[in-house]
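Coordinate inspection notes
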Amino acid sequence: MKLIIDTDPGIDDAMAIAYAAAAPEIDLIGLTTVFGNTHVHQSSRNARFLLHKLGLDAPVAEGAPLPVGATTYDPSEHVHGPEGFGDLTDIPQIGENHPLTAAEFLVEQAREHKGELVVCAIGPLTNVADAMRLDPEFAGNIKRLVIMGGAVFCPGNITEHAEANIYHDAQAADAVFASPPDTVLVGLDVTLKTLYETADFDALAALSADMGGFLRDISKFYLKFYKDIGGLEGCGLHDSTAVIACTHEPMFEIVETGLQVEVDGPQIGATRPDANRPTVRVCRDVDGAGVVSLFTDRVASLP
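Source: prediction; values computed, not measured. (Residues numbered from 1 in each chain as written. Predicted model: local features only at pLDDT ≥ 70, side-chain atom pairs only at ≥ 80, totals over all residues. Heavy atoms only, no water.)

Before going further, it helps to spend a moment on the nonpolar core. Grouped together as the largest cluster of nonpolar side chains are 63 residues, with contacts concentrated most on Leu-3, Leu-215 and Phe-295. With 9 residues, the top contributor of residues to this core is helix 1 (residues 11-22). Setting aside residues no more than four positions away along its own chain, Phe-295 makes contact with Met-15, Tyr-19, Tyr-196, Leu-204, Leu-215, Leu-237, Ser-240 and Ile-244. Counting 32 residues, the second-largest nonpolar core is a separate cluster that includes Ile-29, Ala-61, Val-107 and Val-261. (Core = buried A, V, L, I, M, F, W, Y, C linked by side-chain atoms within 4.5 Å. Buried < 20%, exposed > 50% of the residue type's maximum accessible area, 1.4 Å probe, protein only. Helix = DSSP H or I, 4+ residues; strand = E, 2+ residues; numbered from the N terminus. Contact = heavy atoms within 4.5 Å.)

Set out below in structure tokens:
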């Protein structure tokens, strides 16, 4: 599967990118970056660092620095740390970004790999919305869009109503759902059923000293957030679950519905069924233990 991950690394993004690098079913042909867990220039630096660490020669195309219509943005430092990787703050600048913007790169690759390219968006949907505006044929050129976002049948995580990726650019998300490509939504309805605990990270590090050890170390900050805020003993494999859904859809229970996103007001970011919109496939349940096991098995194959 030819895959581009649209990402804002981010601790759970790092886990998802590591999984994609290890999965034999996936040909990771590039990363596009967006604001979200970090500012976009940090996202790009972190993405290039991860690819170097994984030994992958793939381009990083930098995308949107701000939500649609916004003039400022404050990243989620309390969740992912000041530089996106928990307590790790000395992250080297390795290489350079691709000359195209994220939206331009997505459009180019969708044309080049028409009917083959899967885009997995694990940050705000600004780049995807920009690509759809840039090229009206983009949605038809890609094989599938898989989104980590939304809380359709459960409460949100950034507010009572909204999941963080959708909340951070509700206008972009609503624009995508108004005229979606073939889309699978992997939201909190399933990702909170894939808890990865301290013991799981320790076991992964024992099997994969370099990458597994890196993920264990940066996750300590993330796990503390989950413990302090939600009383949970692990973190959801949010972004990794979305990447797994790209190749292992039978692990998910899926319902079809149109979707609409609240774009303003106190419930901004709420993602609701809308029978008047084109249908997308929404993951409603998952083999959580199977996802956790698959993630460990794949990433454990890395050095």
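Once the structure has been displayed, the description carries forward.
This next bit is on the packing of aromatic side chains. Applying the stated criterion to the full structure yields 9 aromatic pairs. The interplanar angle of 80 degrees and the centroid separation of 5.2 Å between the aromatic rings of Tyr-196 and Phe-295 together place this pair among those described as edge-to-face. Of the two residues, Tyr-196 is situated in strand 7 (residues 195-197) and Phe-295 in helix 13 (residues 288-299); the sequence distance between them amounts to 99 residues. An angle of 90 degrees between the planes, with centres 5.9 Å apart, marks the rings of Phe-225 and Tyr-226 as edge-to-face. Residue class for Tyr-226 comes out buried when judged on its relative accessible area of 9%. Among the aromatic residues, those joined into a ring-pair cluster are Tyr-19, Tyr-196, Phe-201 and Phe-295. Seen from the ring of Phe-153, Arg-284 lies directly overhead, with NZ or CZ sitting 4.1 Å from the centre. (Phe/Tyr/Trp six-rings, centres within 6.5 Å; stacked < 30°, edge-to-face > 60°. Lys NZ or Arg CZ within 6 Å of the ring centre and 35° of its normal.)

Another point: the sheet that holds strand 1 (residues 2-7). Here 8 strands make up an open sheet; going across it, the order is 3-2-1-4-5-6-12-9 and the pairing mixed. For this open sheet the edge positions go to strand 3 (60-62) and strand 9 (252-257), each flanked by a neighbour on one side alone. Going across the sheet, the axis of each strand differs from the next one's by a mean of 25 degrees, ignoring polarity. Two strands pair when backbone bridges link them, and strand 9 and strand 12 (residues 280-286) are joined in this way by 6 bridges, in the antiparallel orientation. Counted as the bridge partner of Glu-256 is Arg-281 from strand 12. Across the sheet, helix 1 lies against strand 1 and strand 2 (27-33), angled at about 170 degrees from strand 1, the strand it touches most. (Pairing = 2+ DSSP bridges. Axes fitted to C-alpha atoms, helices over the stretch in contact; angles between N-to-C directions.)

Worth remembering: the numbers are spatial, not functional.
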